[in-house]
Amino acid sequence: MTIQIAVCGPRDCTGEDESNAREIGRLLAERGAVVICGGYTGVMAAVASGARSAGGTVVGILSRADREHANPDLSIVIPTGVGEARNNIIVNSGDAVIVVGGSWGTLSELALAMRHGRAPVVQLGGWRLLDRAGHPVAGVRYVSSPEEALAATGLWPDH
């Protein structure tokens, strides 16, 4: 079965997050992975653009019940009409979850992915979650580059 990677991030992102997301999309497409994202702007648009530029497949799981405002780089558009609940669908569909940047919606995706506990969760940039003692929350794999993000999933050990 084809590897599916959920890539999550804010619609209003920094230039660095946008650049990182585009590179992650390109790298994932080069490895034959299907990219799953929220399908709109910001990190979602950047990862879709990167994947499509390398001939990849990008699935957009939309919060709306229609395709309005969907990113044009999506290969497959799934309008859900479930609003933010779509975040659960996105993270549950990935063999790994890569989080780029930070926002409240992105934090909900990270939390849902961690709660499921079945797929590696990798974070590049954005917010750092700390426990009561002020230490990074266990389980999230923090990285500093798109290449490290893919490596941290553990899905391509030969790269």
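For the structure, see preceding data.
Residue numbers restart at each chain and count upward from 1, following the sequence in its written direction. The model is predicted, so local features are restricted to residues of pLDDT at least 70 and side-chain atom pairs to those at 80 or more, both for listing and for counting; the totals for chains, interfaces and linings are taken over all residues. Only hydrogens and water are set aside; all other atoms, that is, all heavy atoms of the structure, feed into the side-chain values.

Peer 1: Can you lay out the packing of aromatic side chains for me, pointing to particular residues and giving the numbers?
Peer 2: The rule is short: rings of Phe, Tyr and Trp, with Trp giving its six-membered ring, pair when the centres are within 6.5 Å, and they are stacked under 30 degrees, edge-to-face over 60, tilted in between. Enumeration according to the criterion identifies one aromatic pair in this entry. Relative to Trp127, the ring of Trp104 lies with its centre 5.1 Å away and its plane at 80 degrees, an arrangement referred to as edge-to-face. Here the residue Trp104 occupies a position in helix H4 (residues 104–116), and Trp127 occupies one in the loop between strand S6 (121–124) and strand S7 (140–143), the gap between them amounting to 23 residues. Relative accessible area decides the class of each residue, using a 1.4 Å probe on protein chains only: under 20% of the type maximum gives buried, over 50% gives exposed, and in between gives partly exposed. Exposure remark for Trp104: the relative accessible area of 69% places this residue in the exposed category. Taking the relative accessible area as the measure of exposure, Trp127 reaches 35% and is therefore partly exposed. When the NZ atom of lysine or the CZ atom of arginine is within 6 Å of a ring's centre and also within 35 degrees of its normal, the charge is said to sit over that ring. The side chain of Arg31 reaches across the aromatic face of Trp156, ending 6.0 Å from its centre. Helical segments are the DSSP runs of H or I of at least four residues, strand segments are the runs of E of at least two, and each set is numbered from the N terminus.

Peer 1: Now, about the packing of helix H1 (residues 15–30) against helix H2 (residues 43–53): what can you tell me, with residues and values included?
Peer 2: At a closest axis distance of 6 Å, the pairing of H1 and H2 adopts a crossing angle of 35 degrees. As for the relative orientation of H1 and H2, their crossing is right-handed in sense. When H1 is examined against H2, the residues Asp17, Glu18, Ala21, Arg22, Ile24, Gly25, Arg26 and Ala29 are found in contact with a partner set consisting of Val43, Ala46, Val47, Ser49, Gly50, Ala51 and Ser53. When residues are grouped by polarity, Ala, Val, Leu, Ile, Met, Phe, Trp, Tyr, Cys and Pro land in nonpolar, Asp, Glu, Lys and Arg in charged, and all others, Gly among them, in polar. Of the residues belonging to the contact of H1 with H2, the class tally is seven nonpolar, four polar and four charged. In this analysis, axes come from line fits to C-alpha atoms, helices being fitted only over the stretch in contact, and the angle between any two N-to-C directions falls in the range 0 to 180 degrees. Should the near helix be turned counterclockwise from the far one by less than a right angle, the crossing is left-handed, whereas a clockwise turn marks it as right-handed. Contacts: residue pairs with any heavy atoms within 4.5 Å of one another.

Peer 1: I'd love a proper account of H2, names of residues and values included.
Peer 2: Of all eleven residues in H2, eight are buried, a share of seventy percent or more. Looking at H2, one finds that the buried residues are Val43, Met44, Ala45, Ala46, Val47, Ala48, Gly50 and Ala51. One or two residues past the end of H2 sits Gly55, with phi positive at roughly 80 degrees.

Peer 1: Let's hear about the pairing of strand S2 (residues 34–37): which residues, and what values?
Peer 2: Judged by which residues are buried, S2 turns out to be covered on both faces: Val34 and Ile36 on one side and Val35 and Cys37 on the other are all buried. Where strand S1 (residues 4–8) lies against S2, three bridges are found, and the strand directions are parallel. Along S2, the bridge assignment pairs Ala6 with Ile36. When the strands point away from the viewer, a crossover counts as right-handed if the path from the first strand over the helix to the second runs clockwise. For the crossover that starts at S1, traverses H1 and ends in the parallel S2, the hand is right-handed. Two strands qualify as a pair provided DSSP detects at least 2 bridges between them.

Peer 1: Give a detailed account of the sheet that holds S2, specifying residues and quantitative values.
Peer 2: The parallel open sheet is built from seven strands, whose spatial order is S4-S3-S2-S1-S5-S6-S7. In the strand order of this sheet, the two ends are held by strand S4 (76–79) and S7, each with one partner. The sheet shows a mean angle of 25 degrees between the axes of neighbouring strands, direction not considered. By the bridge criterion, four bridges tie S6 to S7 in an arrangement that is parallel. Among the inter-strand pairings, Val122 is bridged to a residue of S7, identified as Arg141. Packing against the sheet, H2 makes contact with S1, S2, strand S3 (57–62) and strand S5 (96–100), and its axis sits at approximately 165 degrees to S2. Its contacts with the sheet put H4 on S1, S5, S6 and S7, and the angle it makes with S6 is roughly 150 degrees.

Structural measurements only, silent on function.
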